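Examination of the molecular architecture
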Amino acid sequence: MMLFPTSTATRTVTSLNGIWNFDLQQPGRENNPQTKLSTDKVMAVPASFNDQTVDEDIREHSGYVWYEREFEIPAILTDQRLTLHFGSATHEAWVYVNGDLIGHHKGGFTPFDLPINDVVEAGTNRVSVKLSNLLDQTTLPVGNYSETKDENGNIVHHVDENFDFFNYAGLHRNVELVATPWTYINDIIINPDVNLDEEIADVNIAVSVSDDYDEIKIKIKDEDGQTVGEASDADSVISLSNVHLWQPLGAYLYDAEITIIKDGNTVDTYTEPFGIRTVEAKDGQFLINGKPFYFKGFGKHEDTYVNGKGINEAYNVLDLNLLKQMGANSFRTSHYPYSEEMMRLCDREGIVVIDETPAVGLMPAFNFDISGAMASADKKNPFWHDIDTQEAHKQVIEEMISRDKNHACVVIWSIANEPATFLDGSYEYFAPMFELARKLDPQKRPCTFVNIMLSTAGKDRCTDLVDILALNRYYGWYINTGDLKTAAKDQEAELRAWQELYPDKPIMFTEFGADTVAGMHSAYNEPFSEEYQVNYYKMNAEVFDKIDNFVGEQLWNFADFQTKFGIQRVQGNKKGIFTRSREPKAAAIWLSQRWNSIPNFNYKK
Ligand code: BDP
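As recorded by an unreviewed UniProt entry, the protein chain carries the name Beta-glucuronidase and is attributed to Paucilactobacillus suebicus DSM 5007 = KCTC 3549.

Re the packing of helix α9 (residues 530-544) against helix α10 (residues 586-596)
α10 packs onto α9 with a crossing angle of 25° between their chain directions and a minimal axis gap of 8 Å. On the basis of their axis angle, the class for α9 and α10 is roughly parallel. Considering the relative orientation of α9 and α10, their crossing is right-handed. Each of E530, Q533, V534, Y537, K538, A541 and F544 in α9 lies in contact with α10, whose residues at this interface are A586, A587, W590, L591 and R594.

Comments concerning the site of the ligand
Taken together, 13 residues form the shell around the ligand, and within it D164, H335, E418, Y478 and K575 come nearest. One nitrogen or oxygen atom from the side chain of N417 is found 2.9 Å from an oxygen atom belonging to the ligand. In this structure, an oxygen atom belonging to the ligand sits 2.5 Å away from a side-chain N or O atom of E418. Across the complex, the protein chains shield 96% of the 320 Å² of accessible surface that the ligand would expose by itself. Class assignment of the residues belonging to the shell around the ligand gives a composition of four nonpolar, four polar and five charged.

Thoughts on the domain arrangement of the protein chain
As assigned here, the protein chain comprises domain 1 (12-180), domain 2 (185-274) and domain 3 (279-597). The partner domain 3 presents 21 residues to the 18 residues of domain 2 that form the contact. Both faces combined, the contact of domain 2 with domain 3 buries some 1,500 Å², and carbon together with sulfur accounts for 59% of it. For domain 2, the biggest contributors to the area lost against domain 3 are W246, P248 and L249; these three give 40% of the whole. There are one salt bridge connecting domain 2 and domain 3. Salt-bridge contacts for K405 lead to D187; the nearest nitrogen and oxygen are separated by 3.0 Å. For the pair domain 2 and domain 3, the number of links is 10 residue pairs in polar contact (both at pLDDT 80 or more). It is strand β13 (residues 185-195) that contributes the most residues to the side of domain 2 that touches domain 3, six residues altogether.

Focus on helix α2 (residues 313-325)
For an α-helix the count is 3.6 residues per turn, leaving residues at separations of three or four pointing the same way. Taking 1.5 Å per residue as the helical rise, α2 with its 13 residues ought to reach 18 Å, and the 18 Å between its terminal C-alpha atoms agrees with that figure. Within α2 the residues assigned to the buried category are Y315, N316, D319, L320, L322 and L323. In an axial view of α2, the angular spread of the buried residues amounts to 160°, which keeps them on one side of the axis. Exposed and facing more than 90 degrees away from the buried side of α2 are A314 and Q325. Close packing links the buried residues of α2 with β23 (295-299), β24 (330-332) and α3 (340-349). Among the residues trailing α2, G327 stands out with phi positive, at a value near 80°.

Observations concerning α10
Of all the residues in α10, the buried ones are A587, A588, L591, S592, R594 and W595. Buried positions in α10, seen along its axis, are confined to an arc of 165° and lie on one side of it. Buried-residue contacts for α10 involve β23, α2, α9 and β30 (550-556).

Examining the sheet that holds strand β5 (residues 81-86)
With respect to topology, four strands assemble into an open sheet ordered β1-β12-β5-β8, the strand pairing being antiparallel. Because the sheet does not close on itself, it has two edges, and the strands there are β1 (12-15) and β8 (112-115). Direction aside, neighbouring strands of the sheet carry axes that sit 25° apart on average. Two strands pair when backbone bridges link them, and β1 and strand β12 (residues 175-180) are joined in this way by four bridges, in the antiparallel orientation. Note on β12: the bridge partner recorded for S15 is E176.

Regarding the pattern of salt bridges
Scanning the model with the defined rule gives 32 salt bridges in all. The partner of R569 in a salt bridge is D164, and the shortest N-O contact between them spans 3.0 Å. With a gap of 405 residues between them, R569 in the loop between β30 and α10 and D164 in the loop between β11 (155-161) and β12 connect regions that are remote in the sequence. Comparing R569 with D164, the two get one shared label, buried. Notably, a salt bridge pairs R569 with D515, separated by 3.9 Å at the nearest N-O pair. A residue pair is termed long-range when its members are at least 10 positions apart, and R569 in the loop between β30 and α10 and D515 in the loop between β29 (507-511) and α9 qualify at 54 residues. D515 carries the same exposure label as R569, and that label is buried. Residues joined by salt bridges that share partners form a network here, namely D164, D515, R569 and K575.

What about the pairing of strand β4 (residues 64-73)?
Of all 10 residues in β4, seven are buried; the element is thus mostly enclosed. Sheet analysis places strand β2 (residues 18-24) next to β4, joined by four bridges and oriented antiparallel. In the strand pairing of β4, F22 is matched with Y67. With 10 bridges connecting them, β4 and strand β9 (residues 123-132) associate as antiparallel partners. Of the residues in β9, the one forming a bridge with E68 is S128.

Reading the values: rules and limits
Residues numbered from 1 in each chain as written. Predicted model: local features only at pLDDT ≥ 70, side-chain atom pairs only at ≥ 80, totals over all residues. Heavy atoms only, no water. Axes fitted to C-alpha atoms, helices over the stretch in contact; angles between N-to-C directions. Helix = DSSP H or I, 4+ residues; strand = E, 2+ residues; numbered from the N terminus. Parallel < 35°, antiparallel > 145°, perpendicular 65-115°, else oblique. Left-handed = near helix turned anticlockwise from the far one by under 90°. Contact = heavy atoms within 4.5 Å. Near = heavy atom within 4 Å. Polar contact = N/O pair within 3.5 Å; in protein donor to acceptor, adjacent residues only side chain to side chain. Areas by Shrake-Rupley, 256 points an atom, 1.4 Å probe, with all protein chains shown as cover. Nonpolar A, V, L, I, M, F, W, Y, C, P; charged D, E, K, R; others polar. Domains from an automatic or database assignment. Buried area = accessible area lost by both parts, 1.4 Å probe. Salt bridge = Lys/Arg side-chain N within 4 Å of Asp/Glu carboxyl O. Expected span 1.5 Å × (residues − 1). Buried < 20%, exposed > 50% of the residue type's maximum accessible area, 1.4 Å probe, protein only. Arc of directions from axis to C-beta. Pairing = 2+ DSSP bridges.

Shown next as structure tokens:
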């Protein structure tokens, strides 16, 4: 319950981005935020800290770090309600202002706001953030945590990622000082109810305000700034005619302008952009605005050189331009909610998004040996009885839906990536998670989890919970390596089995891919060569086109990305169809031809 920070006629947002002081917390030494951080190290915010120095101890650090800076508060703002807004702090933060603890947040990919009026003065103030990048069996993502002792007997923390991306950490998104009136708009929930035939919509708008007020005005404006609907109740239904729909790659955004009036004066005003569209999964199809949609696109990462997982808006813009040039229309926020700025950009650009929680690593042991793991998938494994992520999982579902509920670009909630849903206890774990997501989403979007290759048709225990089947499959890579003929046969057989078992559920791939070293070539279709990646995607495309209920292909991955160390990874995961610096591999050229010839709608039926 927190609005995206923007300045308005009644609100002032001041950026605290820039150069902060920084230090690692050394084993056995707790910093005292009452005194200034004594350090000569600096870090840019927002960004991961890992790749900003040439110090291995910083890059590989597991444990606590400190960020600190001074900031100025103009005297004219001190009569207002002041908060510090963190777009994210990865993974757990304790925030101090002028030495006083003002709040704590756990979970590295969702925003939080902390009130600071009681501890600040006009002029210079100091904010210190103690940050932990530790992950264990209670956190999302899931990490394998262990401790050793150094030569002085102090505890040294170790985290082994139970997932395939580098555990980048830091103040990853914007940090802002937000000044609002004391009577302020808390939250806006927008849920349009559209009649597609008549091109009319009832837009349900619910506004919550922190305090009493005399009057509320709600205006809906179209893209030309014309008022097309009005209301004067915090809970209103505004009817619109000649509705412009938000369409994939044809975005149209209305503005909901809210004004709160007290004693004849405007006390707060805020404008929330929104789109009008419908989404529905039924009869083996995925419908957007009533028409069968075909997903073309990617699983991505927030991952760039130097910034790591820190927000990088130039890359966001470039990535969406590359995506559109490819003829793609969508991506998944694998494996955590992306920045709110990216969601707003996708709203504007008409990019269709599958929004995913950071629930990744919910499996006994993350391992690339899928064929070995398939053979040994033990049904009696106590994994789901031992894992302790329930609380974190509910929290991220709440925080993700609360932040992203109004975004037209979001068409599916992904509750988890590749959990061990082939094991006993998974249904009991996931049923309440799906129930919670469905209860919290005002727009009742379809929900899914992303299914791992070990959990084939008939083996999976949780498919009943999903509205659309989202499969990650690596036929021709982790199994049938280098043998695309057998891969095609096995993949087709599996897809047909799913379609037969769940004829009403649309099916899509949310991952399929092959590691490819840019510039490596082979006349013999060798794995890792650019030729193999092209042929791998050709094989997949031929199979997809044979399956009626197959409604989308999101490949793995948009770009090469950084991972933890491991003998299966050379400077990271190389399944990108672009390199980490976004140069195309041969597959990008082939796929762009395929996707540019596939329409967004009515491809299958
Ligand atoms: C899947 C994961 C993804 C990995 C990918 C891979 O969902 O995070 O990066 O496979 O192995 O297991 O490349």
